[in-house]
Amino acid sequence: MSWLPPDDDLDDGFEDFDESSIRTRPNPKANRPRTKRRPAHDDAEIGRVLGVDRGRYSVMVDEDTPDERVITTTRARELRRSPIVTGDQARVVGDMSGTTGTLARIVGIVDRSSLLRRSADDTDQVERVIVANADQMLIVVAAADPEPRPRLVDRYLVAALDAGIRPLLVVTKTDLADPTQFLTHFAGLDLRVFTSAQDTMPIDEIGASLISHSTVFVGHSGVGKSTLVNALVPTAGRATGHVNQVTGRGRHTSSSTVSLRYESEAGTGWVIDTPGVRSFGLGHVDTSNILASFTELAAIAQRCPRGCTHLADAPDCALIEAAENGELNPAELSRLDSLQRLLQTFADKHEGRDAK
Ligand code: GDP
Ligand code: ZN
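A few points on the structure. (Residues numbered from 1 in each chain as written. Chains lettered and ligands numbered in written order. Predicted model: local features only at pLDDT ≥ 70, side-chain atom pairs only at ≥ 80, totals over all residues. Heavy atoms only, no water.)

**Focus: the overall build of the protein**
When its secondary structure is counted, the protein shows eight helices and 13 strands. In the protein, buried positions account for 50% of the 356 residues. Put simply, of all contacts in the protein between residues at least 6 apart along the chain, 66% involve residues at least 24 apart. Summing over all exposed atoms, the protein offers an accessible surface of approximately 18,300 Å²; the carbon and sulfur share of this is 47%. (Helix = DSSP H or I, 4+ residues; strand = E, 2+ residues; numbered from the N terminus. Buried < 20%, exposed > 50% of the residue type's maximum accessible area, 1.4 Å probe, protein only. Contact = heavy atoms within 4.5 Å. Areas by Shrake-Rupley, 256 points an atom, 1.4 Å probe, with all protein chains shown as cover.)

**Let's talk about the coordination of the zinc ion (ligand 2)**
The zinc ion (ligand 2) binds to the protein through Cys304 (SG), Cys308 (SG), His310 (ND1) and Cys317 (SG), with metal-donor distances spanning 2.1 to 2.4 Å. The coordination sphere of the zinc ion (ligand 2) comprises four donor atoms, whose angles at the metal cover 101 to 120°; the geometry is tetrahedral. Binding-site remark: the zinc ion (ligand 2) is held by donors from one chain whose sequence spacing is C-x3-C-x1-H-x6-C. Each member of the pair, Cys308 as well as His310, carries the same accessibility label: buried. (Donors = N, O, S within 2.8 Å, 3.2 Å for Na, K, Ca; no water. Tetrahedral: all angles 85-135°; square planar, octahedral: opposite > 155°, others 65-115°.)

**Quick notes on the packing of aromatic side chains**
Summed over the entire model, instances satisfying the criterion amount to one aromatic pair. Judged by centre distance (5.3 Å) and plane angle (70°), the ring pair of Phe182 and Phe186 falls under edge-to-face. The residues Phe182 and Phe186 share a single accessibility class, namely buried. (Phe/Tyr/Trp six-rings, centres within 6.5 Å; stacked < 30°, edge-to-face > 60°.)

**A short note on unusual backbone geometry**
Across the junction of Asp145 and Pro146, the peptide omega takes the value 0°, indicating a cis bond. Relative to the helices and strands, Pro146 is located in the loop between β8 (136–142) and α1 (150–162). Despite not being glycine, Asp145 has its phi angle at roughly 55°, a positive value. Along the chain, Asp145 falls in the loop between β8 and α1.

**Thoughts on the site of ligand 1**
Around ligand 1 lies a shell of 16 residues, among which Asp175, Gly222, Ser226, Thr227 and Gly241 are the nearest. Gln198 has a polar backbone atom sitting 3.1 Å from an oxygen atom of ligand 1. Alone, ligand 1 offers 580 Å² of accessible surface; in the complex the protein occludes 83% of this. Among the residues forming the shell around ligand 1, the class breakdown is three nonpolar, 10 polar and three charged. (Near = heavy atom within 4 Å. Polar contact = N/O pair within 3.5 Å; in protein donor to acceptor, adjacent residues only side chain to side chain. Nonpolar A, V, L, I, M, F, W, Y, C, P; charged D, E, K, R; others polar.)

**Points about the pattern of salt bridges**
In this structure the tally under the stated criterion is 14 salt bridges. The residue Arg69 makes a salt bridge to Asp62 at a minimum N-O spacing of 2.7 Å. Residue Asp162 pairs with Arg117 through a salt bridge whose shortest N-O separation is 3.6 Å. Here Asp162 is found in helix α1, whereas its partner Arg117 is found in strand β6 (residues 115–119), with 45 residues between them in sequence. With a relative accessible area of 23%, Arg117 lands in the partly exposed category. One salt-bridge network, in which partners are shared between bridges, spans Asp64, Glu68, Arg261 and Glu263. (Salt bridge = Lys/Arg side-chain N within 4 Å of Asp/Glu carboxyl O.)

**Examining the side chain of Asp273**
Turning to its location among the elements, Asp273 is positioned in strand β13 (residues 267–273). Asp273 gets classed as buried once you look at its relative accessible area, which sits at 0%. A distance of 2.7 Å separates polar atoms of two side chains, one belonging to Asp273 and the other to Arg238.

**What about the environment of Ala104?**
Assignment of secondary structure puts Ala104 in strand β5 (residues 104–109). According to the relative accessible area criterion, Ala104 is buried, its value standing at 0%. For the pair Ala104 and Ala76, spaced 28 residues apart in sequence, the C-alpha separation works out to 9.1 Å.

Shown next, in the form of structure tokens:
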């Protein structure tokens, strides 16, 4: 797996994950032997990477103490191109005062408990990291405007479950449409679902689920994710309304991923808000993890022949037999359809590659 610099035609706001601060330059010292051993940085402090902006990482140190502060850092050269993303626990040295104009250095990244990734599309093996160390993903989808797409939610679910992250679902704009039909698609899943309308947002309920967690918010542009984030974190100031007044283009202005602290009397948690994702490629996902993320179907598929593709034409597939014998309820049938579509996407991808 390789890490790529951004491609600028991906208009999804993810360009802030790039490594643009480290363009390769001719290095006259490159061939000189190293005379000194690299410092061990035993004195490094560990801080939380809150966000990334043009090669500068804002890092919170002394979190939850009276000395808590956010400092600006840059990556140490020795880190080379390894990615540093929002949510990372960074080892930091240098000027840690946080005084304006100071710059500390990130010299290492603590092993991650999870890493949420995406690729530009399903045929793209190059992955981009979105967030480190999240343990929940809040998927935001609108009941209408824009129309909810079960397939997109399935993709988020696969990405979350592949990364070992617990998914949660919020359906917004239920004042505009009844989400019942849409939600039948997920009935068979172990998935907490919240519904939210213009004047009745379940802020306390959603908030309670955020306490003591690090929750990455994902959703297509325009679904009301920023509205929700602002209601949960009143200081967030995320831009809402997805038409940019200056350019007139339908692209919202919150273009980088940020960490925000949810605070309530009951406790605190981290909200990690990502820019609207136009595509959520799963090229990096191991296909066996896709089935595993459809938990109720995976149990049935244990009866499949070895190496079963579970595609619509798979011989003796236990899933297809269960469907034909009427053993699957409507939600499970819908999920099977979704699973087969995702698996078909991967089958096509591999055929394409073999043909080359
Ligand atoms: P984002 O692109 O997902 O961050 O979406 P925004 O939060 O910017 O919301 C997009 C538009 O939907 C804004 O005009 C919001 O006022 C509107 N909106 C958000 N939530 C609701 C809701 O529950 N009901 C209705 N009718 N509109 C909403
Ligand atoms: Zn099968």
